[in-house]
Amino acid sequence: MTYENAENDQQYGIQFTGSYKPFGNSLLVAKIVIAPASESMKTSDGKLIKNNYIGNNFVLSCNYKSFNNQYQFNIPVYNLNGAFLNTNQNHIFASYKLKEWTFTTGMYWIGTPLDCKTKSLP
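> Describe the overall build of the protein, naming the residues involved and giving the relevant values.
Looking only at helices and strands, the protein features 0 helices and 10 strands. Across the 122 residues in the protein, those meeting the buried criterion constitute 22%. Counting contacts in the protein only where the partners sit at least 6 residues apart, residues at least 24 apart contribute 42% of the total. Taken as a whole, the protein presents about 9100 Å² of accessible surface, with 57% of it coming from carbon and sulfur.

> Describe a nonpolar patch on the surface, and please don't skip the residues or the numbers.
There is a patch of nonpolar side chains on the surface, built from Phe 23, Leu 27, Leu 28 and Tyr 64 and spanning about 390 Å² of accessible area. Its place among the elements puts Leu 27 in the loop between strand S2 (16-20) and strand S3 (29-42).

> Before we move on, can you summarise the sheet that holds strand S7 (residues 84-87) with the specific residues and values?
The strand order S6-S7-S10 describes an open sheet built from 3 strands, whose pairing is antiparallel. Edge positions in the open sheet fall to strand S6 (78-81) and strand S10 (118-120), since each of these has one partner strand only. Each strand of the sheet is rotated relative to its neighbour by a mean of 25°, with strand direction disregarded. Pairing analysis gives 3 bridges linking S7 to S10, with the strands arranged antiparallel. Following the sheet pairing, Phe 84 is matched in S10 by Ser 120.

> So what about the confidence of the model for the protein? Which residues, and what values?
Mean pLDDT over the protein works out to 84, with 87% of the residues at or above the 70 mark. Mean pLDDT across the elements of the protein ranges from a minimum in S10, with 71, to a maximum in S2, with 97.

> Give me the packing of aromatic side chains: which residues, what numbers.
For any pair of aromatic rings, the description rests on two quantities: the centre-to-centre distance and the angle between the ring planes. A full pass over the atoms with the stated rule returns 4 aromatic pairs. Judged by centre distance (4.7 Å) and plane angle (45°), the ring pair of Phe 67 and Tyr 96 falls under tilted. In this pair, Phe 67 sits in strand S5 (residues 67-73) while Tyr 96 sits in strand S8 (residues 91-98), placing the two residues 29 residues apart along the sequence. Owing to a relative accessible area of 30%, Tyr 96 belongs among the partly exposed residues under this scheme. With a centroid separation of 5.3 Å and an interplanar angle of 25°, the aromatic rings of Tyr 71 and Phe 73 are classed as stacked. Overall, the relative accessible area of 29% leaves Tyr 71 in the partly exposed class. Phe 73 sits in the partly exposed class, given a relative accessible area of 27%.

Parameters at a glance
- Residues numbered from 1 in each chain as written.
- Predicted model: local features only at pLDDT ≥ 70, side-chain atom pairs only at ≥ 80, totals over all residues.
- Heavy atoms only, no water.
- Helix = DSSP H or I, 4+ residues; strand = E, 2+ residues; numbered from the N terminus.
- Buried < 20%, exposed > 50% of the residue type's maximum accessible area, 1.4 Å probe, protein only.
- Contact = heavy atoms within 4.5 Å.
- Areas by Shrake-Rupley, 256 points an atom, 1.4 Å probe, with all protein chains shown as cover.
- Patch = residues over 30% accessible without salt bridge, like charges linked within 9 Å, V, L, I, M, F, W, Y side chains within 5 Å.
- Salt bridge = Lys/Arg side-chain N within 4 Å of Asp/Glu carboxyl O.
- Pairing = 2+ DSSP bridges.
- Axes fitted to C-alpha atoms, helices over the stretch in contact; angles between N-to-C directions.
- pLDDT = per-residue confidence, 0-100.
- Phe/Tyr/Trp six-rings, centres within 6.5 Å; stacked < 30°, edge-to-face > 60°.

And the structure:
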C-alpha cells in the first residue's frame, strides 16, 4: 500500500453534550458527549470512501479539594483515517493542584486488549 493525497475529505456532524452533578457540587460529575457524524474521502482516482458513526465520550470525574480524578471511556467506533478505519480508546487521569502547579499522572488506553484496532479499506 502506498500513500497519496486525497482529492477531497469531508466530515459533517452534530454534537450533544451534557453533565450531571448528583450532589450539586463537583464531588462527582458525569459528562457525556454524543456526536453523530458522516465522513467521506474522494481519492485521486475518483473512488469515494464513506463512514457513518456515532461518536461518544463519557467522563466520570471527582473533585475534592486539590485532588481530581477522571476516567474517560467510550463505546469504540471506527473513524476514517486515510486508507484505514481506527478506533478510539479509554483513559484514566489523576491530578493534584498545589498553588500554581498542577501534577498529573494517567494511563492511556486502559482496559484495552492488546490487539490492533485498525481496518484497511479497499
